[in-house]
Amino acid sequence: MKRRNFIKQTSAFTGLAALVQQPLLAQQSSPTANFPVVISTWKNEKANEAAWASLQKTGRALDAVEAGARVPEADPNDTSVGYGGFPDRDGHVTLDACIMDEKGNAGSVTFLEHIMHPISVARAVMEKTPHVMLSGEGALEFALAQGFKKENLLTETAKKAWLEWKKESKYEPKINIERHDTIGVLALGTKGEVSGACTTSGLAFKMHGRVGDSPVIGAAVFCDDEVGGACATGLGEFVLKTLGSFLIVELMRNGRTPQQACEEAIMRIVKRYDYKTFQIGYLAINKKGDHGAYAIQKGFNYTLTKEGVTKVIESDYYMK
Ligand code: ASP
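Below is a short write-up of the structure.

Reading the values: the criteria
Residues numbered from 1 in each chain as written. Predicted model: local features only at pLDDT ≥ 70, side-chain atom pairs only at ≥ 80, totals over all residues. Heavy atoms only, no water. Helix = DSSP H or I, 4+ residues; strand = E, 2+ residues; numbered from the N terminus. Buried < 20%, exposed > 50% of the residue type's maximum accessible area, 1.4 Å probe, protein only. Contact = heavy atoms within 4.5 Å. Areas by Shrake-Rupley, 256 points an atom, 1.4 Å probe, with all protein chains shown as cover. Near = heavy atom within 4 Å. Polar contact = N/O pair within 3.5 Å; in protein donor to acceptor, adjacent residues only side chain to side chain. Nonpolar A, V, L, I, M, F, W, Y, C, P; charged D, E, K, R; others polar. Pairing = 2+ DSSP bridges. Salt bridge = Lys/Arg side-chain N within 4 Å of Asp/Glu carboxyl O. Axes fitted to C-alpha atoms, helices over the stretch in contact; angles between N-to-C directions. Parallel < 35°, antiparallel > 145°, perpendicular 65-115°, else oblique.

In terms of helices and strands, the protein chain carries 10 helices and 13 strands. Classification of the 320 residues of the protein chain by burial places 58% in the buried group. Of the contacts made within the protein chain by residues no fewer than 6 positions apart, 66% connect residues no fewer than 24 positions apart. For the protein chain, the accessible surface area stands at approximately 13,700 Å², while carbon and sulfur atoms represent 52% of it.

In this section: the environment of Gly138. With respect to the secondary-structure elements, Gly138 resides in helix H6 (residues 136-145). Linking Gly138 and Thr110, residues 28 residues apart in sequence, is a C-alpha distance of 9.9 Å.

The ligand sits among 10 residues. The nearest are Thr182, Arg210, Asp213, Thr233 and Gly234. Within the contact set of the ligand, a nitrogen atom lies 2.7 Å away from a backbone nitrogen or oxygen of Gly234. Considered on its own, the ligand offers 270 Å² of accessible surface; in the complex 99% of this is hidden by protein. Counted by class, the shell around the ligand contains 1 nonpolar, 7 polar and 2 charged residues.

What follows concerns the pairing of strand E12 (residues 309-314). In the case of a regular strand, side chains alternate between the two sheet surfaces. Direction of pairing for strand E11 (residues 301-306) relative to E12: antiparallel, over a ladder of 6 bridges. Opposite Lys306, over in E12, you have Val309 as the bridge partner. What sits between the antiparallel neighbours E11 and E12 is a turn of 2 residues, in which Glu307 has the positive phi angle 50 degrees.

A word on the pattern of salt bridges. Applying the stated rule across the entire model yields 15 salt bridges. For Glu250, the salt bridge identified is with Arg253, shortest N-O distance 2.7 Å. Separated by 3 residues within a single helix, Glu250 and Arg253 lie in helix H9 (residues 244-253), roughly one turn from each other. Asp290 is paired through a salt bridge with Lys288; the nearest N and O atoms lie 3.7 Å apart.

On to the sheet that holds E11. With respect to topology, 8 strands assemble into an open sheet ordered E4-E3-E2-E6-E5-E1-E11-E12, the strand pairing being mixed. The open sheet has two edge strands with one neighbour each: strand E4 (133-135) and E12. If you compare each strand with its neighbour and ignore which way they point, the axes differ by 10 degrees on average. Two strands pair when backbone bridges link them, and strand E1 (residues 37-41) and strand E5 (residues 183-188) are joined in this way by 4 bridges, in the antiparallel orientation. Following the sheet pairing, Ser40 is matched in E5 by Val185. Taken strand by strand, helix H5 (residues 118-128) contacts strand E2 (95-100), strand E3 (106-112), E4 and strand E6 (194-200), and its axis lies near 130 degrees from that of E3.

A word on unusual backbone geometry. Residue Phe35 is joined to Pro36 through a cis peptide bond whose omega torsion reads 5 degrees. Examined against the element boundaries, Pro36 turns out to sit in the loop between helix H2 (24-28) and E1. Phi at Phe111 is positive, roughly 55 degrees, even though this residue is not glycine. Note that Phe111 resides in strand E3.

On to the side chain of Thr242. For Thr242, the location among the structural elements is in helix H8 (residues 236-242). Among the polar contacts listed, one links the side chain of Thr242 to the backbone oxygen of Phe238, at a separation of 2.7 Å. Ignoring anything within four residues of it in the chain, the contact list for Thr242 reads Leu247, Ile269, Tyr273 and Tyr282.

Time to look at the packing of H5 against H6. Here H5 crosses H6 at 85 degrees, and the two axes come no closer than 10 Å. Put simply, H5 runs roughly perpendicular to H6. Contact with H5, carried on its side by Val121, Ala124 and Val125, involves Ala139, Phe142 and Ala143 of H6 and no other residues of that element. By residue class, the composition of the contact of H5 with H6 is 6 nonpolar, no polar and no charged.

Here it is as structure tokens:
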């Protein structure tokens, strides 16, 4: 949708939303409620299947999003998450992850090395510490104390790609629109409760110490059980600057559909920044199980699992 139409439609909608500001309870008890459901960024069928299998076992959205996120984390061929993730420009694989449940609990790890499943460490931070976020050495110490294994996550393929990059790059981190497979995953459990997770190795060949949006609650993931959830992928700096997932949930709270909320959050970026050189994709789900997605550029897709059936859907995007 071009900007003018978007503004026309959203302002018409905003007027309408102001008149019908009390839809939440009605939404929650809607006879059309559509859950359990799992939705994740990019082509992540195996992750969704694992999330779905987990839902069959415990019914809980939190277990499902963790199970889903663990799949690309352990996949050496996924070069932007966990094991096999491309390293920073100094050759370190540094990982960011966060998780949030339906009660508003949240946990995250950032700048974590050597642990294959940062999402599970994030969940342990949430459940076993009084904190929300642990970083670097401290996050690693905590993970080891929790029984996680210390491993080398830099695969031969990732090392080769890094050495190639070093030859050409002049040591400058570069934004690459196409190379984003970070998983953000949202689920509604069998009781309709919402949870979300995100995990990544961040931008390939980033500066050592760089942390993106993925461990930041409100940026990469936000859930509120009165409303729904949202998650993000793409160039984290701009998700951080606009607090995208929190924004989307608040827009849904104020009456937007998940689709309208994702579009408006993309517009916040498009209006203020030189968006043509990078990609951001947003996903959102409300308590009825309605979902939406929107991206800046062509090429963003996402994976939906409902009633045990998984499909990949091409997202709509701004830069037509
Ligand atoms: N959002 C992630 C980051 O900026 C990257 C991605 O989505 O691929 O670290």
